[in-house]
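Results of the structural survey
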Amino acid sequence: MARDKDADRSVRGKQGHQLGPEARDPTRAVVIVPVLARQARGDDESSRPRLSRSADARHDEAVGLASAIDLNPVHTAVVTVADPRPATLLGSGKVAEFADIVKERKAELVIVDHPLTPVQQRNLEKELNAKVLDRTGLILEIFGERARTKEGTLQVELAHLNYQKGRLVRSWTHLERQRGGAGFLGGPGETQIESDRRILQDKITKLKHELETVRRTRDLHRAKRKKVPFPVVAIVGYTNAGKSTLFNRLTGAGVLAEDMLFATLDPTLRRVRLPHGTPVILSDTVGFISDLPTHLVAAFRATLEEVVEADLVLHLRDISDPDTAAQADDVERILADLGVDAADANRVIEVWNKIDLLDEGNRERLLAEGAAGKAPPIAISAVTGEGLDTLKALIETRVSGELETMTVTLSPAQLGQVDWLYRNGDVVSRADNEDGSVTLSLTATHSARQEIESRLHRKSGS
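Residues numbered from 1 in each chain as written. Predicted model: local features only at pLDDT ≥ 70, side-chain atom pairs only at ≥ 80, totals over all residues. Heavy atoms only, no water.

- The name given to the protein in an unreviewed UniProt entry is GTPase HflX, with the source organism recorded as Mesorhizobium montanum.
- Looking at the protein in UniProt, the text filed under Subunit (unreviewed entry) is "Monomer. Associates with the 50S ribosomal subunit." (UniProt positions renumbered as here; feature names shortened; annotations may be inferred.)

Some remarks on the overall build of the protein
- The helix and strand inventory of the protein stands at 15 helices and 14 strands.
- Here the protein, with 462 residues, has 49% of them falling under the buried criterion.
- Across the protein, the fraction of contacts at a sequence separation of at least 24, relative to all contacts at a separation of at least 6, is 71%.
- Of the roughly 23100 Å² that the protein leaves accessible, carbon and sulfur atoms contribute 50%. (Helix = DSSP H or I, 4+ residues; strand = E, 2+ residues; numbered from the N terminus. Buried < 20%, exposed > 50% of the residue type's maximum accessible area, 1.4 Å probe, protein only. Contact = heavy atoms within 4.5 Å. Areas by Shrake-Rupley, 256 points an atom, 1.4 Å probe, with all protein chains shown as cover.)

Considering unusual backbone geometry
- The residue Asn-129 is not glycine, and still its phi comes out positive at about 55 degrees.
- In this structure, Asn-129 sits in the loop between helix H4 (118-128) and strand E5 (131-134).
- Within the chain, Asn-240 stands out as a residue other than glycine whose phi angle is a positive 75 degrees.
- Position of Asn-240 among the secondary structure elements: in the loop between strand E6 (232-237) and helix H8 (243-251).

With respect to the sheet that holds strand E8 (residues 279-284)
- Overall, mixed pairing links the six strands, which are arranged E7-E8-E6-E9-E10-E11 in an open sheet. On the outer flanks of this sheet lie strand E7 (268-273) and strand E11 (378-379), each paired with one strand and no other.
- As defined by bridge partners, E6 adjoins E8 across four bridges and the pair is classed as parallel. Considered in E8, the bridge of Ile-235 is made with Asp-284.
- On top of the sheet, helix H11 (residues 324-337) reaches E6, strand E9 (312-318) and strand E10 (348-353); it is set at about 155 degrees to E9, its chief contact. (Pairing = 2+ DSSP bridges. Axes fitted to C-alpha atoms, helices over the stretch in contact; angles between N-to-C directions.)

A look at the side chain of Gln-121
- Checked against the element boundaries, Gln-121 lands in helix H4.
- Beyond its immediate chain neighbours, meaning those up to four positions away, Gln-121 contacts Leu-116, Val-132, Tyr-163 and Arg-167.

Quick notes on the sheet that holds strand E14 (residues 438-445)
- Reading across the sheet, the three strands line up as E12-E14-E13 and stay open at both edges, with antiparallel pairing between neighbours. Strand pairing shows two members of the sheet lacking a second neighbour, strand E12 (403-410) and strand E13 (426-432), which therefore form its edges. Across the sheet, the axes of successive neighbouring strands diverge by a mean angle of 15 degrees, strand direction being ignored.
- Pairing of E13 with E14, which is carried by six bridges, proceeds in the antiparallel orientation. Paired with Arg-430 across the bridge in E14 is Leu-440.

What to know about the pairing of strand E2 (residues 27-36)
- For E2, the buried fraction is high: nine of the 10 residues fall into the buried class.
- In terms of strand pairing, E2 meets strand E3 (residues 71-81) through 10 bridges, oriented parallel. Of the residues in E3, the one forming a bridge with Leu-36 is Val-81.
- Bridge count for E2 against strand E4 (residues 109-112) is four bridges, and the pairing is parallel. Counterpart to Ile-32 in the pairing with E4 is Val-112.

Remarks on helix H12 (residues 360-371)
- The terminal C-alpha atoms of H12 lie 16 Å apart, and with 12 residues this matches the ideal 16 Å at 1.5 Å per residue to within 8%.
- Every buried residue of H12 is listed here: Arg-363, Leu-366 and Gly-370. The arc that holds every buried residue of H12, seen down its axis, measures 75 degrees, which confines them to one face. Looking at H12, the residues exposed on the side facing more than 90 degrees away from the buried face are Glu-360, Glu-364 and Ala-371.
- Where H12 is buried, its residues touch E10. (Expected span 1.5 Å × (residues − 1). Arc of directions from axis to C-beta.)

Structural notes on H8
- Among all positions in H8, only Lys-243, Ser-244, Leu-246, Phe-247, Asn-248 and Leu-250 are buried.
- Two residues or fewer after H8 comes Gly-252, characterised by a positive phi angle close to 75 degrees.

Things to note about the pattern of salt bridges
- Evaluated as defined, the whole model comprises 11 salt bridges.
- Between Asp-113 and Arg-58 there is a salt bridge; the shortest N-O distance is 3.4 Å. Taken together, the residues Asp-113 in the loop between E4 and H4 and Arg-58 in helix H2 (residues 55-68) connect sequence positions 55 residues apart.
- Given the relative accessible area of 13%, Arg-58 is considered buried.
- Note that Arg-333 and Asp-329 form a salt bridge whose closest N and O atoms lie 3.0 Å from each other. One end of the pair is Arg-333 and the other is Asp-329, both in helix H11 and four residues apart, which spans about a single turn. For the pair shown, Arg-333 and Asp-329 are each scored as buried.
- One connected set of salt bridges, linked through shared partners, spans Arg-58, Glu-61, Asp-113 and Arg-135. (Salt bridge = Lys/Arg side-chain N within 4 Å of Asp/Glu carboxyl O.)

This is how it looks when you write it as structure tokens:
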């Protein structure tokens, strides 16, 4: 199967970041999406079969990744590869065809939405006469542009160096140093490639030390948060599922939220007070994506530990996306790698976002399917606010227990607690008694009830 699309449109991108040297206009790129025959069948060597993704979805995601940085896809194609070639991945006929397209469209860059070996990348660059980036390289470029904090920059740089280290090729043999060893048969000394690898390894070692300092700092922050026992709720999901929009809705923060893959990269934490007064720390994390490069998973371990340490995880899905099931499968795999069981209903809440984008028929069908499951998902729209009250109530129940009804009578000496009770419980009725005491009937979470009883006991005993 092959499908070509011409994309003669400029794409949105940030100024100042170009893959082409000193280019002012968006870099002209050809995007190739190879679909291996076994991928098309959904084959997987692991014990858990991977859900197959449609060619259209893979194509759109590849174009979205290219558009996430300042690239202009002048030609895109989906190509089925029945027999992957060790030298170029694609067959010689397809390589020649794309070489003509690159020349005709004056493309400076070729994006191959598939992992390439260093040899395949080098051979394709020679045959296509253009710079070639595989999926891993493209994601690294995007992350490099999105990183804003020192931690994010360090993590991306480490991932990029590990990726680059494996792609050093013997290109500068004329820069070999003097021969080493004794006598005529002494071999050449340190070559340029060996020197480069040594320099890269030194940089990698230095970055790992710096990131270890970051990890220790994060551990200290977590220890401080545990002293003030606020539950941590982490939002995870496929990139562009609406995590930042939901985060902004719940916290009132101003985190960048755009219809763009990896619009935000650095994690953000905010304190939120739930409807019945329970305070929680909400964490917005980096978006996941299929075939997330191992370099990135390793480099971002410190950031992803926020998910591992979270008391509750919200798995946000874009339910309007045709490939939502495959995206959820990718997220669950990454969570499993982090030691988080997505099937644990006590710790993970599945949230279906963008419900407002579905037509009435699909909406009713999906909601009926979800309700039939063991742990029904929460359907919301982070944009319109639909379903958010239900979501917040469920979060509060999970972290603080079910709501309980209680009646308390405050003596005149305890009236200073009235304001706290209104903020941490739902007061149903109030009676001001003749002796100056106040009787309140209220509903509160289990943990709030324990805190109320403790406060009143301390106050009466003082």
